[in-house]
Amino acid sequence: MAGIGVGLVGYKFMGRAHSNAYRQLPRFFDVDPAPRMAAICGRDESGVREAADSLGWPSYETDYRRLVERDDVGLVDVVTPGYTHREIVLAALEAGKHVICEKPLANTLAEAGEMLDAARAAGTINAVCFNYRRAPAVQLAKKLIDEGRLGTIRHWRATYLQDFIMDPEFPLIWRLRKELAGSGALGDIGAHSVDLAHFLVGGISEVTGMTQTFVKERPLEGSDGETGRVTGWVTVDDAAAFLARFENGAVGTFEATRFAAGRRNKNAFEINGSKGSVAFDLERMNELEVFFVDDDADVQGFRTVNVTEPGHPYAGAWWPPGHIIGYEHTFVHTMKDLMDGIRAGESPAPTFEDAYRCQAVLDAVERSVEVGGWTKPELGGI
Ligand code: SOE
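These figures come from a predicted structure and were not determined experimentally.

Description of the nonpolar core
- Counting 113 residues, the largest nonpolar core has Trp156, Leu200, Phe254, Ile271, Leu288 and Phe352 as its most contacted members.
- Excluding residues that lie within four positions of it along the chain, Leu288 makes contacts with Ala137, Leu140, Ala141, Leu144, Val278, Ala279, Phe280, Arg303, Thr304, Val305 and Val307.
- With eight residues, the next largest nonpolar core counts Leu172, Ile173, Leu176 and Val234 among its residues.

If you want it as structure tokens, here you go:
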């Protein structure tokens, strides 16, 4: 097995998650090509050297331009903050590499369009890491919908709730600055819900939204009692909510917030169809709640399926039934499908085009907030 050399740009939270995925993948799944961890890249030399050592990369670069040119790198994986995605992805595509990029693909719809065009021109494999599609329970929900077992889908109800910035003294990190992150809760976590909605229900035709920034000014990173407390403005939303109409007639609600006290990472959805319902909550990610209208009336009710049987998506590669998996496995599954895509010569969904559709919904929500009323995702770039 020749394998494919991976070059990873970025080494913080997502860098750790993706590195772990490349290490674990060939140990549990039979993939060809198998990923070969070639080099990791970051601007701060001591930081990236330390990351290379601890995450298992044999070499490092401090300039992404050098990384994408390396002969031993066939796949470039971009896990840096959103404002850097465009330039790194364009360079990797220009160098003829396959690319996987963290979500959201870009900070604006225009950038996403440019990246989609470049990916098409390059003709290499492209993918975007909306990892929650790859939870076995989410895949089971998709299977039930595709098989018609929920009937006609009427409702999509998504909440993505976090609470990590509730303290007003929490610093003004890059995620809270529009020029670096694009948007706040909307793009960071609401994007996951939009991607799941697209995956499970279908295209969104119009939206109407609202956003709120509760804490408008925060201490700059590193400024404290000793250095002198300096503050800056929060330029993104702390919370966002919107209504949506789907192309197939279903209706949806979305809520994304970083101010839901006690909800650390509650990425949840419920889908109601004419024949039944499913409900998922990432904090209980091995389970799918399922309800069928046609069940006998005397035992009717939601059942909780433990999605760990060998026949469940991805589950057979791990442990015996009932031996649960976790957050990190969604990244291993993402890389598995990416390797399969490279082998087949077909980009695995969600592709750059899928991510562009997601970006178009985020963009429509932002326009709706600005002008009021319903707005349509602009898909002209596809
Ligand atoms: C922070 O809100 C974050 O790490 C997101 O950036 C991820 O996409 C999400 O999966 C978990 O939370």
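That covers the picture; the talk isn't over yet.
Quick look at the domain arrangement of the protein
- Splitting the protein by domain gives domain 1 (3–132) and domain 2 (135–321 + 358–368).
- Computed over C-alpha atoms, the centres of domain 1 and domain 2 are 25 Å apart.
- Contact with domain 2 buries area across many residues of domain 1, yet Phe28, Phe130 and Tyr132 alone supply 43% of it, more than any other trio.
- Counting every contact that joins domain 1 to domain 2 gives one salt bridge.
- Between domain 1 and domain 2 we count six residue pairs in polar contact (both at pLDDT 80 or more) in total.
- Of the residues assigned to the side of domain 1 that touches domain 2, the class counts are 11 nonpolar, four polar and one charged.

Structural notes on the sheet that holds strand E6 (residues 126–129)
- Reading across from one edge, E3-E2-E1-E4-E5-E6 is the order of the six strands in this open sheet, with parallel pairing throughout. One side of each edge strand has no neighbouring strand; the edge strands of this open sheet are strand E3 (60–61) and E6.
- Summarising the sheet, strand E1 (residues 4–9) and strand E4 (residues 75–78) pair through four bridges and their orientation is parallel. Bridging across to E4, Val9 finds its partner in Val78.
- Each of E1, E4 and strand E5 (98–102) is contacted by helix H4 (residues 85–94), which is oriented at about 170° to E5, the strand it contacts most.
- Running at roughly 155° to E5, helix H9 (residues 327–344) makes contact with E1, strand E2 (35–41), E4, E5 and E6 of the sheet.

Cut-off values and rules
Residues numbered from 1 in each chain as written. Predicted model: local features only at pLDDT ≥ 70, side-chain atom pairs only at ≥ 80, totals over all residues. Heavy atoms only, no water. Core = buried A, V, L, I, M, F, W, Y, C linked by side-chain atoms within 4.5 Å. Buried < 20%, exposed > 50% of the residue type's maximum accessible area, 1.4 Å probe, protein only. Contact = heavy atoms within 4.5 Å. Domains from an automatic or database assignment. Buried area = accessible area lost by both parts, 1.4 Å probe. Salt bridge = Lys/Arg side-chain N within 4 Å of Asp/Glu carboxyl O. Polar contact = N/O pair within 3.5 Å; in protein donor to acceptor, adjacent residues only side chain to side chain. Nonpolar A, V, L, I, M, F, W, Y, C, P; charged D, E, K, R; others polar. Pairing = 2+ DSSP bridges. Helix = DSSP H or I, 4+ residues; strand = E, 2+ residues; numbered from the N terminus. Axes fitted to C-alpha atoms, helices over the stretch in contact; angles between N-to-C directions.

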